[in-house]
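Architecture and fold: a report
Each chain is listed here by its residues.
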Amino acid sequence: MPLLDDSLGLAAQGYSWFPGRWRRSANPDVLHTRLMGKRAVGLRGPAAVNFFYDEDHVRRHGAIPEPVQGTLFGHGAIHTLDGIDHRNRKMMFVSVLKDARQVGQLAERVGRAWDDAVPEWAGQPSIVLFDESARVITKAVCEWAGVPVTDVAGTAADLTALVDGFATAGRRHWRARKARGRLERWLTGLIEQARRSPDDSVLSQVASLTETDGRRLEPKRAAVELLNIIRPTVAVSWFVTFAGHALHRWPEVRDRLRDGDLAYAVAFAHELRRFYPFAPFVGGVAVQESFFQDERIPKGAMVLLDIYGQNHDERLWPEPYRFDPDRFLGREPGRDELIAQGGGDPRAGHRCPGEDVTLAILATLAVRLARLDFTVPEQDLTISLRRIPALPRSRMMLAVSGAQEVSGRATAEVAAADGEPIG
């Protein structure tokens with residue numbers, strides 16, 4: 001039977017579109033549909049992750065729509081590359097974002113920026129956790145990367161706009177495009193300065209990036225990749241906001257986090273990334289006709305890996321719609337099971353190499369948030385699954401009185417700085 005185009009269904013249902021389709025699918029891991037007039041195949045499950053990230057089956061080049069490139073990733077970014085070009089570009093990201101010392105230093109800066117901000121928050125009637133955590137992380141990651149910032153609040157607003165506007169055609173989208181223009185112009189100038197006066201900063205490392213043929217990246221292209229280090233780090237503010245939502249909804253979790261136990265803080269970070277909606281799915285294009293679980297995938301078809309659906313698949317996660325950090329205590333999630341930031345090998349494939357950074361920052365700030373003396377004013381805390389990326393409608397307002405005294409650095413910072421794995 002001919003497949004009906006379900007683009008309007010996806011737009012109307014957001015994160016719940018895939019789960020609804022799975023309930024009607026004959027195969028629990030493969031479904032067929034049409035989106036934007038093209039044949040599309042949805043996949044989920046660890047075996048599907050392995051299939052999706054095999055470049056003999058699926059490629060990313062040409063698969064990411066221009067509206068996403070023009071907002072979230074940038075034109076010519078690493079996310080649009082395959083093969084040797086992708087691996088060449090990925091080496092720099094891995095050297096920076098998978099180095100335990102670098103990750104620890106960044107987590108420490110984030111923790112210090114948070115501590116510095118608390119007295120100011122305590123002097124206000126209320127704060128918006130999403131906005132304030134974005135400013136804290138922006139200040140820390142730019143200092144860590146050697147990127148001078150004079151307007152932290154404005155820069156944070158632009159960086160979050162890139163993420164907030166990639167999946168909509170409305171006002172949020174055009175705000176994101178304007179923000180990308182401002183950020184790329186600013187960072188291009190810094191790349192050019194760094195080439196004239198190189199040092200050992202992350203900024204200089206990105207400025208020295210070369211293409212596969214040895215030619216140095218154009219300054220604007222290097223600025224795009226510098227932004228692809230800073231922007232995803234600031235996007236952790238989504239998960240910090242979800243952390244505030246979780247601590248309010250399940251206060252017993254807050255009590256356990258206050259103790260600063262590293263294992264529980266990391267388990268909490270994993271469960272935040274599994275439970276709350278962030279990336280709905282990732283997509284590619286079928287390189288050739290192939291079969292997965294005896295299901296035909298035509299050459300040129302759009303292939304979608306369902307992130308939200310897999311992270312709520314009851315075959316992997318018993319009671320998937322119950323928030324339970326204990327499910328990750330004493331159990332490391334399989335590489336291709338928890339795919340909040342993509343799947344596969346982060347050193348060679350398209351999985352985000354910043355996953356260690358996300359976990360370190362979340363574990364560091366989760367303990368501080370739990371120790372923060374705050375109340376939650378009356379507000380709308382509903383999270384619409386139609387809005388991508390999702391957020392509590394109020395962006396989580398807190399009335400802050402202060403914070404408990406913390407002796408030394410939080411355990412997550414110490415672990416990352418000392419090279420101890422935290423995820």
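Remember, predicted model here, so these are calculated numbers, not experimental data.

Our focus in this paragraph is the packing of aromatic side chains. Taken as a whole, this structure holds 19 aromatic pairs when the rule is applied. Taking the centre distance of 4.8 Å and the plane angle of 90° together, the rings of Trp114 and Trp121 count as edge-to-face. Just as Trp114 is buried, Trp121 falls in that class too. Ring-pair connections join several aromatic residues into one group, and the members of that group are Phe130, Trp238, Phe239, Phe242, Trp250, Phe268, Phe275, Tyr276, Phe278 and Phe323. If you follow Arg254 out to its NZ or CZ, it ends over the ring of Phe374, 4.0 Å from the centre.

By the secondary structure assignment, His173 is in helix α9 (residues 171-196). Once residues lying within four places of it in the same chain are set aside, the contact partners of His173 are Pro67, Thr71, Gly165 and Thr168.

Strands sit in the order β1-β2-β8-β5-β3 across an open sheet of five strands; the sheet is mixed. Looking at the sheet topology across the chains shown, the edges are occupied by β1 (30-35) and β3 (58-59). Sheet topology places strand β2 (residues 38-43) next to strand β8 (residues 302-306); four bridges connect them, and they run parallel. From the neighbouring strand, Ala40 faces β8, where its bridge partner is Met302. The sheet strands contacting helix α2 (residues 17-24) are β1, β2, β5 (281-286) and β8, and the helix crosses β1 at an angle near 125°.

Attention shifts here to the side chain of Thr155. Position of Thr155 among the secondary structure elements: in helix α8 (residues 152-164). Accessibility expressed as a relative area gives 11% for Thr155, which makes it buried. At a separation of 2.8 Å, a polar atom in the side chain of Thr155 contacts the main-chain carbonyl oxygen of Asp151. Excluding anything up to four places from it in sequence, Thr155 contacts Thr138, Val149, Leu183 and Trp186.

Sheet architecture is open: three strands sit in the order β4-β10-β9, paired in antiparallel fashion. At either margin of the open sheet sits one strand with a lone partner, and together these are β4 (127-128) and β9 (372-375). Two elements, β9 and strand β10 (residues 397-403), share four bridges in a ladder whose sense is antiparallel. What sits directly across from Leu372, in β10, is Ala403. Across the sheet, helix α16 (residues 355-371) touches β9 and β10, and the angle it forms with β9 is around 60°.

Moving on: the nonpolar core. Ranked by size, the top nonpolar core spans 95 residues in total, and within it Trp114 and Phe268 carry the most contacts. The residues touching Trp114, leaving out its near neighbours within four places in the chain, are Trp121, Leu129, Val136, Val240, Leu365, Arg368, Leu369 and Leu372. Val41, Val282, Ala286 and Ile307 belong to the second largest nonpolar core, which has 17 residues in total.

To continue, consider the packing of helix α7 (residues 129-145) against α8. Relative orientation of the contacting elements α7 and α8 amounts to 105°, with a least axis distance of 9 Å. With respect to α8, the axis of α7 lies roughly perpendicular. Residue-level contacts link Phe130, Ala134, Arg135, Thr138 and Lys139 of α7 to Val152, Ala153, Thr155, Ala156, Leu159 and Thr160 of α8. Class assignment for the residues of the contact of α7 with α8 results in six nonpolar, three polar and two charged.

Here we take up the pairing of β8. Across the five residues of β8, five count as buried, placing the element largely inside the fold. Residues Met302, Leu304 and Asp306 of β8 are buried on one face, and the alternating residues Val303 and Leu305, pointing to the opposite face, are buried as well. Note that β5 and β8 share five bridges and pair antiparallel. Bridge pairing in β8 links Val282 to Leu305.

Turning to the environment of Arg221, a few remarks are in order. For Arg221, the location among the structural elements is in helix α11 (residues 219-234). On a C-alpha basis, the gap between Arg221 and Ile191 in space is 9.8 Å, while along the polypeptide they are 30 residues apart.

It is worth spelling out the environment of Ala286 at this point. Here Ala286 is to be found in strand β5. Take Ala286: its relative accessible area is 3%, and that puts it in the buried class.

It is worth spelling out α7 at this point. Relative to the 24 Å expected for 17 residues at 1.5 Å per residue, α7 spans 24 Å between its end C-alpha atoms, a close match to the ideal helical length. Gly146 lies just past α7 and shows a positive phi near 80°.

So, on to the environment of Val253. Looking at the element boundaries, Val253 is found in helix α13 (residues 251-257). Taking the relative accessible area as the measure of exposure, Val253 reaches 5% and is therefore buried. With 71 residues separating them in the primary sequence, Val253 and Asp324 have C-alpha atoms 8.9 Å apart. In this structure Val253 touches Leu247, Tyr264, Phe268, Phe323 and Pro325, once residues within four positions along its chain are discounted.

Criteria and thresholds
In this numbering scheme, every chain counts its residues from 1 along its sequence in written order. Only residues with pLDDT of at least 70 are given local features in this predicted model, and only at 80 or more are side-chain atom pairs given and counted; all residues enter the totals for whole chains, interfaces and linings. To obtain the side-chain values, all non-hydrogen atoms of the structure were included, while hydrogens and water were left out. Aromatic contacts are taken between Phe, Tyr and Trp rings whose centres are within 6.5 Å, Trp giving its six-membered ring; a plane angle under 30 degrees counts as stacked, one over 60 as edge-to-face, and the others as tilted. Burial classes: relative accessible area under 20% of the type maximum marks a residue as buried, over 50% as exposed, and values in between as partly exposed (1.4 Å probe, protein chains only). The criterion is that NZ of a Lys, or CZ of an Arg, lies within 6 Å of the ring centre and within 35 degrees of the ring normal, and then a charge sits over that ring. By definition, any uninterrupted DSSP run of H or I lasting at least four residues is a helix, any uninterrupted run of E lasting at least two residues is a strand, and each is numbered from the N terminus. The contact definition used throughout considers only heavy atoms, calling two residues in contact when any of these lie within 4.5 Å. The criterion for strand pairing is that DSSP finds at least two bridges linking the strands in question. What counts as an axis is a line fitted to C-alpha atoms, over the stretch in contact for a helix, and the angles between N-to-C directions run from 0 to 180 degrees. Pairing of N or O atoms within 3.5 Å defines a polar contact, subject to two protein rules: one partner must be a possible hydrogen donor and the other a possible acceptor, and residues neighboring in sequence count only if both atoms are side-chain atoms. Residue types Ala, Val, Leu, Ile, Met, Phe, Trp, Tyr and Cys, when buried and joined through side-chain atoms within 4.5 Å, form a set referred to as a nonpolar core. Any angle that falls under 35 degrees is termed roughly parallel, while one over 145 is termed roughly antiparallel, one within 65 to 115 roughly perpendicular, and all others oblique. Following the grouping adopted for this structure description, the nonpolar residues are Ala, Val, Leu, Ile, Met, Phe, Trp, Tyr, Cys and Pro, the charged ones are Asp, Glu, Lys and Arg, and the polar ones are all others, Gly among them. To estimate the expected span of a helix, subtract one from its residue number and multiply by 1.5 Å.

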